[in-house]
Amino acid sequence: MAKRVTLIQGGGVGLDLVPAIQKILKAADVQVEWDEHLAGGAAEAAGKPALSKELLASVRTNGFALKTKLLPSPRDEHINYNIRLRKDLGLFASVRPLKNLPGLKSRFQNVDLMIVRELTEDLYASIEHVIVDGVVQSLKVVTEAASTRFFRFAFELTRSAGRKMIHCVHKANILKLADGLVLEAFRSVAKDFPDIQAKEIIVDNCCMQMVSKPTQFDVLAMGNLYGDIVSDLGAGLIGGISATHAINHGDGIRIFDAFHGGKREVIGENRANPLPVILPAIDLVEALGQKEQAARIQSALEKVLNEGKLRPDDIGGHASTTEMADAIISAMD
Amino acid sequence: MTPVVMIPGDGIGPEVMNATCKVVEAAGGRIDWIEAQAGIPAIEKYGEPLPDVTLDLVRKYRVAIKGPCTTPVGKGFRSINVRLRKDLELYASVRPVKTLPSIKVPYTDVDLIVVRENTEGLYAGIEHYVIPGIVESLRLVTRNAAERILRYAFEMARNLGRRKVTVVHKADVLPLSDGMFLEAAHRVADDYPFIEWDDQPIDRVALGLALDPTRYDVMVMENLFGDVMSDLCAGLVGGLGVVPGANIGSKYAMFEAVHGSAPDIAGKGVANPIALLRSAAMMLDHIGQRDPAARIESSVRRTLERKTGLTRDLGGDGNTASITKELIANLQA
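Counting starts from 1 at the beginning of each chain's written sequence and moves along it residue by residue. As a convention, the first chain written is A and the first ligand written is 1, with the rest following in written order. pLDDT decides what is reported in this predicted model: residues at 70 or higher carry local features, side-chain atom pairs at 80 or more are listed and counted, and totals for whole chains, interfaces and linings draw on all residues regardless. Hydrogens and waters are ignored; side-chain quantities use all the structure's heavy atoms.

Draft legend 1. Just the packing of helix α10 (residues 275-287) of chain A against helix α11 (residues 291-307) of chain A, in detail. Residues and elements named next belong to chain A. Interhelical geometry of α10 versus α11 gives an angle of 155° and a closest axis separation of 7 Å. One finds that α10 runs roughly antiparallel with respect to α11. Once α10 is placed against α11, the crossing between them reads as left-handed. Facing L275, I278, L279, I282, V285 and E286 of α10, the residues of α11 in contact are K291, Q293, A294, I297, Q298, L301 and L305. Tallied by class, the residues present in the contact of α10 with α11 amount to 9 nonpolar, 2 polar and 2 charged. Every angle, taken between N-to-C directions, lies between 0 and 180 degrees, and every axis is a line fitted to C-alpha atoms, over only the stretch in contact when it is a helix. Put simply, DSSP marks the helices as runs of H or I at least four residues long and the strands as runs of E at least two long, and each gets a number from the N terminus on. For classification purposes, an angle smaller than 35 degrees is called roughly parallel, one larger than 145 roughly antiparallel, one from 65 to 115 roughly perpendicular, and anything else oblique. Two helices cross in a left-handed way if the nearer one is turned anticlockwise from the farther one by less than a right angle. They cross in a right-handed way if the turn is clockwise. Residue contacts are defined here by distance: any two heavy atoms, one from each residue, within 4.5 Å place the two residues in contact. Think of it as three bins: nonpolar holds Ala, Val, Leu, Ile, Met, Phe, Trp, Tyr, Cys and Pro, charged holds Asp, Glu, Lys and Arg, and polar takes everything else, Gly as well.

Draft legend 2. Here's a closer look at the pairing of strand β7 (residues 134-142) of chain B. Across the 9 residues that make up β7(B), a large majority, 7, are buried. In this structure, strand β7 (residues 135-143) of chain A lies alongside β7(B), joined through 9 bridges in antiparallel fashion. In the sheet register, A:T143 faces β7(B), and the bridge partner there is B:I134. Strand pairing is assigned whenever DSSP detects at least two bridges linking the two strands. Relative to β7(B), strand β6 (residues 127-131) of chain B is paired through 4 bridges, and the arrangement is antiparallel. Across the sheet, B:H128 pairs through a bridge with B:E136, a residue of β7(B). Taking the residues between adjacent antiparallel strands as the criterion, β6(B) and β7(B) are bridged by 2 residues, where B:G133 takes a positive phi near 90°. Relative accessibility under 20% of the residue-type maximum defines a buried residue, over 50% an exposed one, and the middle range a partly exposed one, all with a 1.4 Å probe and only protein chains included.

Draft legend 3. Representation of the sheet that holds β6(B). Spatial strand order, β6(A)-β7(A)-β7(B)-β6(B): 4 strands in an open sheet with antiparallel pairing. Looking at which strands have only one partner, the edges of the open sheet turn out to be β6 (128-132) of chain A together with β6 of chain B. On average, each strand axis in the sheet is tilted by 35° relative to the strand beside it, whichever way the strands run. Strand contacts of helix α6 (residues 177-190) of chain B: β6 and β7 of chain A together with β7 of chain B, with the helix running at about 15° to β7(B), the strand carrying the most contacts.

Draft legend 4. Just the domain arrangement of chain A, in detail. Residue and element names in this part refer to chain A. The start and end points of each domain follow an automatic or database-based domain assignment. Split into domains, chain A comes out as domain 1 (1-92 + 241-333) and domain 2 (107-237). Centre-to-centre separation of domain 1 and domain 2, based on C-alpha positions: 26 Å. Each partner contributes residues to the interface: domain 1 has 9 residues there, and domain 2 has 10 residues. Together domain 1 and domain 2 conceal approximately 910 Å² of surface at their shared face, both sides included; 64% is due to carbon and sulfur atoms. Defined in terms of a 1.4 Å probe, buried area is the accessible area two parts forfeit on being brought together, summed over both. Together, R86, F92 and I241 form the three largest contributors to the area buried by domain 1 at its contact with domain 2, with a combined 59%. Within this document, salt bridges are pairs made up of a side-chain nitrogen of Lys or Arg and a carboxyl oxygen of Asp or Glu, the two lying within 4 Å of each other. Where domain 1 meets domain 2, there are 0 salt bridges. Here a polar contact is recorded for every N or O atom pair within 3.5 Å, except that within protein the pair must consist of a potential hydrogen donor and a potential acceptor, and residues adjacent in sequence are included only if both atoms are side-chain atoms. Along the contact surface separating domain 1 from domain 2 lie 1 residue pair in polar contact (both at pLDDT 80 or more).

Draft legend 5. Quick peek at the pattern of salt bridges. Tallied over the entire structure, the rule returns 41 salt bridges over all chains. B:R83 is the salt-bridge partner of B:D87, the closest N and O atoms lying 3.5 Å from each other. Linking B:D87 with B:R83, this pair stays in helix α4 (residues 80-87), spanning 4 residues, or about one helical turn. Take B:R83: its relative accessible area is 17%, and that puts it in the buried class. For B:D203, the salt bridge is made with B:K170, and the minimal N-O distance between the two is 3.0 Å. Within this pair, whereas B:D203 is found in helix α7 (residues 202-211), its partner B:K170 is found in the loop between β8 (164-169) and α6, the two being separated by 33 residues in sequence. Overall, B:K170 belongs to the buried group, its relative accessible area being 3%. The network of salt bridges with shared partners includes A:R117, A:D228, B:K170, B:D172 and B:D203.

The following block contains the structure:
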């Protein structure tokens, strides 16, 4: 039975990435029925709502979505629809798997960790006001309810991924109340998971350890801002943002999110590196229970990267999006 | 002879301070050390970790060097370091980070300086429970403090002949506070048309540093970002045991190693004095004793290159006495 999955088309580079990944999944015999929706700034530019009711309903019904990056509003580049979508769907945790890809140059090898980031609170509530001219305060909001839900999710994820250790990343030495509350929630949830080693680390030390010895970590769980910083730092350790992806979780919802830089107008049509969408797609296929197909795509991808004959522009080659997709398809067993 | 307040601190503090003073004198530093207490010895003598008598001495002599000091946790004492910065209005934290010889790290040719605003942000310690289970912490940003730290960074870049300043922020999530910080950056940069500058969000900086830290030169940012980035950068060159630090205001300046007091090895004579010694070199530079400052810096590099007498954390089998001997011997070359 083909499973219905919402495909959130963000436009721009996504216009090249989506056909490429659809082709790859089809070749791997993945049973999926796409429910495609144009969203974000690209939808707005086409005179449609950026985040339509149909799109939100589709994600809620299907429970699974594959998404390319949403462009900012054509009215105001500060309107970030990726963040709005998270809010509209109540997504509360973002998971960033970090693992070296074969053939991809990086500073560190044998990195294999997961960063779990809280998505609803912290400074990202963007509650700010001007007290008097020249004095601004922003609120960092932390609640016990969100922290507890988040850490329960992180511990369950750690267990189901067969991982053994989780670090809570915090700054409770300075933010005694806010991060103190986070730590309390972490410690109390940890009691229900005696099989998982629960540790704590201050965010500045965590960043220092990440650039010194990232292999010491297994799962790192943290608030929104620290998560934003540490996830991208982690991406840098394994070769860059195009080697990473995220899975954003809400109640009964999982969005497999592709990160990609570059504007299509700048890098050109059919020039984007398809890795950013292949990685979340593999995780999606696995989550759909089609493990064999996921493994086929993974090994074909590794074969192409290992051979190194074909590489996209951003990692030192000249292959187009289609050429990369075709190479991966021909490398399938 | 220039009087400088010398605060040995606790743990390994007195040992590394003793070593530092010896090397400074051997390098031709003309310093009249005025000893003062903070941390555990101050609690024993005065009943509090940062007594007024110490603060008064710093106010009198303007310049101080400080070893690691422990603030007892849970006894109602505020952090010694946070209080020093606040009471003495040491608004700029300066952390030069440069690749050192013989220290095994995956990064080479790092040469950057992190300038951190020290008085605002989330470190104001303004937090409260809205209702049980919900905490708000205030992140305060003022235009005056923003302009002051930015001007400090640009002025420093000019004086040191650095090529570029990167202003680090999170203005997409915090448009009012970090928006104001960015506006201030534009105004200040306008006064330095001969210095190249750009601005980058904190997550992109984390990624960029992990990928290729040689892209960065002087970086300036608010308190929490600066805290995290200065330790991250220390990790790029070998950690807190080798990087110096300074906290500078318009009236006073405090130079310090940023590592902890390492009570586990205190009193054993095995501590590494390099971080504090390099902070002393920054201090000598600050008071115009350029020649001994430069001699100390080259002696540190030579000592690491020759690998004789190094302490265990640096991969040697020596102790504080042996590395001090080497550091003094290598001043003459």
